[in-house]
Each structure stands twice: as structure tokens, then as C-alpha cells.
Amino acid sequence: MIQNFRDVGETVNILFGKEIMPEKMLYRGGSINQLFDESELPPVRAILNIRTGADKIFSTVRAIHVPAVNSVENYNTANGKVKNWANKAIKSIAAIEAYPLLIHCTAGKDRTGVLVALLLSCIGVEKEIIIEEYLQSEGIENSNDIEAALLGIANPLAYIHDCSAVEFLKTQLRK
């Protein structure tokens, strides 16, 4: 079982009250290393590991590794180091062969929460829905950290270095 696992599209659609994202395209969660084999994975083409440690390898799934240290600093999205990491992660998944995609870190809440918030911002999901999606993770007590991250992102079109990546994300993740 993957900790804090969920279909982001399904969660956002429920929170929004109508379908604004395709389901079964973007998943999030914690570490996958405890899984026995690929049958325990959701139906994905790629896995983006944002932990510093390596993932278990699954032969039919593309592995992408853009590590970030597990630190509260990751919520400081205005920090140049965090912004560069986030841009590398976005660039790594701005390709059709990455979808359906699972994004994960150790617990599936902090680093994953920041990156999913950025993705949702890029495709135009309202801030309140992004915060509610984030709050669905076990171990999250309030929205202060993700609100700070969203403040640092401010305008995703200015935050992301490659505007074509944002347009690509919209075609994949927005209805």
C-alpha cells in the first residue's frame, strides 16, 4: 500500500463539484519501495521520484528521478534552489510518455504536495481547491505551509521557465 495515495484528478473533481481534470492521469503518494511488483502500482507509464533515495525498478514503467531533500525549505518556493528543483521536475514530466504519472516522495505529503500544488496552479485550478487537495494527506495539520508555497509561486506562467511546459500540462491535465 502506498501512503497518502490518491488520484489527483478524482480528488480535485470531487472538491470542485464537477469534472475539471481527467481522472487516472495524475497520481500522488508516498514511497513505492515496499511494493512487491508492478501489479500493485496504479496504471501508470512513469513514476516521478522526488526523494533523494533510489526507487525500486519496475520494468514496464519509466523511472524519473528529480530529488529534493526532505526539508521544510521546500515550501519556500520563492527560494532559487527550490524554484530550480521545481522547474527541473516540471520539465521532466512535460512529455506525453510521462502520462499517466505517479509523483511520490517518502510520505506523499510535503515535497509531493508542493509539486502537485505547482502543477495544479499551472493548469488553472483555484487556490482554495489546491489547498483542500493538499489537506487530504494524512499528517497534514493545517494549510499554512502550502499557502506559503502558493504565495511563492504566485504566477505560474512567470514561475516556470518553459512556458511550453505549462501549455503541455494544460493539455494533459485539464478538461
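Presented here is a report on the structure given in the accompanying data block.

Cut-offs applied
- Residues numbered from 1 in each chain as written.
- Predicted model: local features only at pLDDT ≥ 70, side-chain atom pairs only at ≥ 80, totals over all residues.
- Heavy atoms only, no water.
- Pairing = 2+ DSSP bridges.
- Helix = DSSP H or I, 4+ residues; strand = E, 2+ residues; numbered from the N terminus.
- Axes fitted to C-alpha atoms, helices over the stretch in contact; angles between N-to-C directions.
- Parallel < 35°, antiparallel > 145°, perpendicular 65-115°, else oblique.
- Left-handed = near helix turned anticlockwise from the far one by under 90°.
- Contact = heavy atoms within 4.5 Å.
- Nonpolar A, V, L, I, M, F, W, Y, C, P; charged D, E, K, R; others polar.
- Phe/Tyr/Trp six-rings, centres within 6.5 Å; stacked < 30°, edge-to-face > 60°.
- Buried < 20%, exposed > 50% of the residue type's maximum accessible area, 1.4 Å probe, protein only.

Section: the sheet that holds strand 3 (residues 46-49)
Then, in step 1: On the basis of which strands lie adjacent, the open sheet formed by five strands has the order 1-2-5-3-4 and mixed pairing. This sheet does not close on itself; its edge strands, each paired only once, are strand 1 (6-7) and strand 4 (62-65).
Then, in step 2: Sheet analysis places strand 3 next to strand 5 (residues 101-104), joined by four bridges and oriented parallel. Directly across from Ala46, in strand 5, lies its bridge partner Leu101.

Points about the packing of helix 3 (residues 111-122) against helix 5 (residues 144-153)
What describes two packed helices is the angle between their axes and the distance between those same axes.
Then, in step 1: One can describe the packing of helix 3 onto helix 5 by two numbers: an axis separation of 10 Å at closest approach and a directional angle of 45°. When the interaxial angle is binned, helix 3 and helix 5 end up oblique. Helix-helix and strand crossings are classified by hand; for helix 3 and helix 5 the assignment is right-handed. Residue-level contacts link Gly113, Val114, Ala117, Leu118 and Ser121 of helix 3 to Ile146, Ala149, Leu150 and Ile153 of helix 5.
Then, in step 2: Of the residues in the contact of helix 3 with helix 5, the class split is seven nonpolar, two polar and no charged.

Examining the packing of aromatic side chains
Then, in step 1: Per the stated rule, a full pass over the model turns up three aromatic pairs.
Then, in step 2: With a centroid separation of 5.5 Å and 10° between ring planes, the pair formed by Phe5 and Tyr27 is classed as stacked. Highlighted residues: Phe5 in the segment before strand 1 and Tyr27 in strand 2 (residues 26-29), separated in sequence by 22 residues.
Then, in step 3: Relative accessible area serves as the criterion here: at 35%, Phe5 is assigned to the partly exposed category.
Then, in step 4: On the basis of relative accessible area, Tyr27 is assigned to the buried category, the value being 5%.
Then, in step 5: With a centroid separation of 6.3 Å and an interplanar angle of 85°, the aromatic rings of Tyr75 and Tyr134 are classed as edge-to-face. With Tyr75 in the loop between strand 4 and helix 2 (80-92) and Tyr134 in helix 4 (residues 127-134), this residue pair connects regions lying 59 residues apart in the sequence.
Then, in step 6: Assessed through its relative accessible area of 5%, Tyr75 is described here as buried.
Then, in step 7: Looking at Tyr134, the relative accessible area reads 2%, which means it is buried.

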